[in-house]
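Below are the chains, spelled out letter by letter.
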Amino acid sequence: MIPGTFEYYRPSDLSEAIKLLTTHGDDARVMAGGHSLIPMMKLRMADIPHLVDLQDIDALRGIEVDGDAVRIGAMVTQHELIADEALFKAAPIIREAALQIADPQVRYVGTVGGNVANGDPGNDMPGLMQCLDAVFSVHGPDGERDIPAREFYEAAYFTAREDDEVLTAVSFKPQSGGYAYEKQKRKIGDYATAASAVLIAKDGATCSSASIAMTNLSDTPIYSQAASDALIGSDLGPDAVSAAVDAALGEIDPAEDGRGPVEFKKHVAGVILRRAIERAVSRA
Amino acid sequence: MNEMSPTKSERAAALKGLGTSRKRVEDSRFTQGKGNYIDDIKMPGMLFGDFVRSPYAHARVKSINAERALEMPGVIAVLTAADLEPLSLHWMPTLAGDKQMVLADGKVLFQGQEVAFVVAEDRYIAADAIELVEVDYEELPVLIDPMKAEEDGAPILREDIADQKTGAHGARRHPNHIFTWEQGEKEATEAVLSGADVVAEETVYYHRTHPCPLETCGCVASMDKVNGKLTLYGTFQAPHVVRTVASLLSGIAEHNIRVISPDIGGGFGNKVGVYPGYVCSIVASIVTGVPVKWVEDRMDNLMATAFARDYWMTGKIAATKEGKITGLWCHTIADHGAFDACADPTKFPAGFMNICTGSYDIPTAYLAVDGIYTNKAPGGVAYRCSFRVTEAAYFIERMIEVLAIKLDMDAGELRKINFIKKDQFPYNSALGWEFDSGDYHTAWDKAMQAVDYDGLRKEQAERVEAFKTGETRKMMGIGLAHFTEIVGAGPMKNCDILGMGMFDSCEIRIHPTGSAIARLGTISQGQGHATTFAQILASEIGISADDITIEEGDTDTAPYGLGTYGSRSTPVAGAATAMAGRKIRAKAQMIAAYLLEVHDNDIEWDVDRFVVKGAEERFKTMKEVAYAAYNQEIPGVEPGLEAVSYYDPPNMTYPFGAYVCVMDIDVDTGEHEIRKFYALDDCGTRINPMIIEGQVHGGLTEALAIAMGQEIAYDDMGTHKTSTLMDFFIPTAWETPHYLTDFTETPSPHHPIGAKGVGESPNVGGVPAFSNAVNDAFRAFGVDHTHTNMPHDHWRIWKTAKDLGMHD
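Residues numbered from 1 in each chain as written. Chains lettered and ligands numbered in written order. Predicted model: local features only at pLDDT ≥ 70, side-chain atom pairs only at ≥ 80, totals over all residues. Heavy atoms only, no water.

Peer 1: Would you mind going over the overall build of chain A with me for this structure?
Peer 2: In terms of regular secondary structure, chain A is built from 11 helices and 14 strands. Each principal axis of the C-alpha distribution contributes one length, and for chain A these read about 55 × 45 × 30 Å. Restricting the contact set of chain A to residue pairs at least 6 apart, pairs at least 24 apart contribute 61%. Working note: accessible area of chain A is about 11,700 Å², and carbon and sulfur atoms make up 49% of it. Taking the average location of the 26 positive side-chain charges in chain A and that of its 43 negative ones, the two points are 7 Å from each other. (Helix = DSSP H or I, 4+ residues; strand = E, 2+ residues; numbered from the N terminus. Contact = heavy atoms within 4.5 Å. Areas by Shrake-Rupley, 256 points an atom, 1.4 Å probe, with all protein chains shown as cover. Lys, Arg positive; Asp, Glu negative; His and termini not counted. Charge placed at Lys NZ, Arg CZ, Asp CG, Glu CD.)

Structure, rendered in structure tokens:
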């Protein structure tokens, strides 16, 4: 568990970081909290000759909640997400989800930017951000551009971010209505066997909006428009919930691993999603 | 008497002796990060070794090319089997009478096996260099399933002994077969089975797992070429045995070898054996003349050093229709991996598996164990249990549950009918042990009352009804276990390791001012020996435990002993401590009598002093006697106050306990929640109740891990699937339930202070309690459903529910 040799950089501004990425190309990677990258380097599954640590770049920090806009800097830690009261009022699902990530020690260091940018299907934040319809800001040599979370993930560890771009912030509109982040895992610190992020708003007894995303059930997070559509306009009764669950299950493609075989994961995905919908409805 | 003089009970309390919840003296350094573990040892010029390991489970090694690695700056040497062969160190004997490759000799037999040892100036260079060692492998067919080991066409693993028809434990019927070990009466048992009212049968798999101590294994070998002395620091649970083995292997005279076990961060059996890393570090230090350190990383530890369990146990248990057990039959396939490196007393190739009649009066029994080679890591150590006792306890406690289903009886009642009765002790079991003492019915009744057992069964019945009407999706399981341990190995008449008798020792020196140091042949790995052994001695010699230093682990200073594992420290070294203390007291009595100017027989011991019989105002404290022993001429008595005792126990000790686990199970997700866990332990005389409670908490948590998720798993190609803590389950505080502890106290009749040992009981009893709870939750849903194998992780529990139609 000893990594290979690498050069370590700790730039204090973004342009310097981007310059390092441009100079070293494929040989360079940025590091946020390092909880995914460093173990891969120690296992020698990742060979990173030039490691660019982002922790001294102040511009990547801070949570801004301003009326109808929430902006979270990429280097904000999971702990800061949990502790921020303004963020909790604007989007309580974030605290509920972040509390289910690993353990306090990991959450003091792990960042939202690292979590969404790495493209690891096991990470919780990508599905959550798809559920919130967030937008990711990325900076590269040609400036800044925004990529919707729902269009960001291409395959496991492959995203719409270019190699010389740095993910700098996550933005979304405050949520309204009920919410739930439901996760089954084997133990503290484990990735999800199945997890679901659900937002539901009601107009009287009728569902006025819904958003459903799932984690670690495919090689990317799964945002299910069909599942959301099955709820919108419905009375959120058992038939509508079952239709939404069936629609979402049609879109997942879990793989067998130490958590269990495909058949089990599909079954559990349905159970977890149903529970998430029911809890979100109860809060709507 | 002066009003200010402390009373007898105050004087006794001041000693902090037996029965005191004295705080652990070790903890001030551990909690401040001031422990001294193997990786804290840094010596001038020290080099670091690391292994090239096999990526394959079975392959021929066609060539090893270390040229590129040797060209790397900072690389000192690359050792292969060819380098060790002239020293006859390319293979080494195992504790089980087999031999094991130190470095791959022509082939590899498990993934992670040591192939070459790179020695470099630091561990970073060593890790880079192992990637540059080019090994040319030719893959061979692998054998993973021990049931297929003797099939036609099965790959032959151990070509080195393929033609040997006899091994260390008798006849071998196939090249992949290691031994057959039989105990009890086969024909008589089969006769009982064929004539029985009821016979319950089951195959119970106790899966492969790993002790996974927080600190991995490692050593620092330092050969001083000037004075010819080798100092070996290491994570050794048995430092004296390591010294003897190192001497026999290397040819270095034993007085020129000093073995030191510093602080050890948990052992749980993993640190009993001798590993290739130790041998290679010693050779490297001899070759280079400077110290060489080797420390495993977590993956090395989980993949290559000793695993535990891996027993396939097929049982038949016979009973009358009223539930009186009449016979027990057990056949076990023991998967030993590539080499038989089990750490068992030499005459017991399956450890004390013949304790598998459990707490029950079973008149006739038969046990056979077949050891098998597979392409997996060697080991088979006693992971927080005495030798194979956890396997035995799990087997019988599952068989009792299966029999209860067959008889349609309550499993608690079935146990009560069959417990060995208090007046049957000492009890001779059908498989050859003499149980020293026990009072199982009292313990059991106390446990049943404490948990309101009848109330729990009523609630469970209501839950089953609620499930059937759709009101709940959570089942309730009540896991019962009554275990009997066999620890304290052991009497030299039947216990030795590599010919070394399994006694233990204590040497005491009383200082002139009345404090003391005691040294033992054992070594603490977290058990708190520095605290508890001082308490034993305090009660024996009347010096406060706070004034007694306990030292272990340095073979140059401590008396010879067989080390710490198998809950043997208290039964064996604890007895030696008490006996050495009594020798001190015997000499002190002569000195006190002289000082008091009375005959030896006219004084008696009173807590911390000798008093003149009938005149207790005339006394000499042990402190006063100690001063006199060094500073006053006592006619006919040598100066000084020291004693040593080597204790050969007359018998094992047999701790026991009654555990109850109440668990809720979500049939849709397979998740579980432990609502209650009650653990009653009877470990005989209780030395330090706080440490006992800590031991029980720790052992139960390891049992929870094993029962509910922890495993060493391989795929069909022999690739290790659980080599990191992402996949190998170690519970955190979050997964760990609250434990209720309780006790009864049935002293061992043959131990000087009546103590039996407790460190391993909670693992032995805990695993069946957790597993029985899972199985019990499903009892109402299928007569044919009698057993599911561990580990009871989410998907396996879910699968049981699915197979029983609970998702329909």
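Once the structure has been displayed, the description carries forward.
Peer 1: Any chance you could explain the interface of chain A and chain B here in plain terms?
Peer 2: How big an interface is tends to be expressed through the accessible area that disappears when the partners come together. Every contact between the two is made by 24 residues of chain A and, on the other side, 24 residues of chain B. Both faces considered, chain A and chain B share a buried interface measuring about 2,200 Å² in area, 58% of it formed by carbon and sulfur atoms. Looking only at chain A, the three residues that lose the most surface to chain B are A:Ile2, A:Arg44 and A:Lys187, adding up to 25% of its buried area. The interface formed by chain A and chain B holds five salt bridges in total. Two residues, A:Arg44 and B:Glu131, come together in a salt bridge whose shortest N-O distance is 3.0 Å. Taken together, the links from chain A to chain B amount to 13 residue pairs in polar contact (both at pLDDT 80 or more). For the side of chain A that touches chain B, the elements supplying multiple residues, two or more each, are β11 (178–185) and α11 (262–283) of chain A. Residue contributions to the side of chain A that touches chain B peak at six residues, all from α11(A). Looking at the side of chain A that touches chain B, its residues break down into 10 nonpolar, six polar and eight charged. (Buried area = accessible area lost by both parts, 1.4 Å probe. Salt bridge = Lys/Arg side-chain N within 4 Å of Asp/Glu carboxyl O. Polar contact = N/O pair within 3.5 Å; in protein donor to acceptor, adjacent residues only side chain to side chain. Nonpolar A, V, L, I, M, F, W, Y, C, P; charged D, E, K, R; others polar.)

Peer 1: Please explain the pattern of salt bridges as it appears in this structure.
Peer 2: As a working rule, side chains carrying opposite charge can pair if their charged atoms are close by. One pass over the structure, following the stated rule, counts 70 salt bridges over all chains. A:Asp190 serves as the salt-bridge partner of A:Arg259, at 2.8 Å between the closest nitrogen and oxygen. With a gap of 69 residues between them, A:Arg259 in the loop between α10 (238–249) and α11 and A:Asp190 in the loop between β11 and β12 (192–203) connect regions that are remote in the sequence. Since its relative accessible area comes to 9%, A:Arg259 is described here as buried. For B:Asp436, the salt bridge identified is with B:Lys756, shortest N-O distance 3.5 Å. Here B:Asp436, found in the loop between β22 (434–435) and α12 (440–450), pairs with B:Lys756, found in the loop between β35 (740–743) and α18 (761–777); they are 320 residues apart in sequence, far enough to count as distant. The residues B:Asp436 and B:Lys756 share a single accessibility class, namely buried. Three or more residues are tied together by salt bridges with common partners; here these are A:Arg186, A:Asp190, A:Asp257, A:Arg259, A:Lys265 and B:Asp727. (Buried < 20%, exposed > 50% of the residue type's maximum accessible area, 1.4 Å probe, protein only.)

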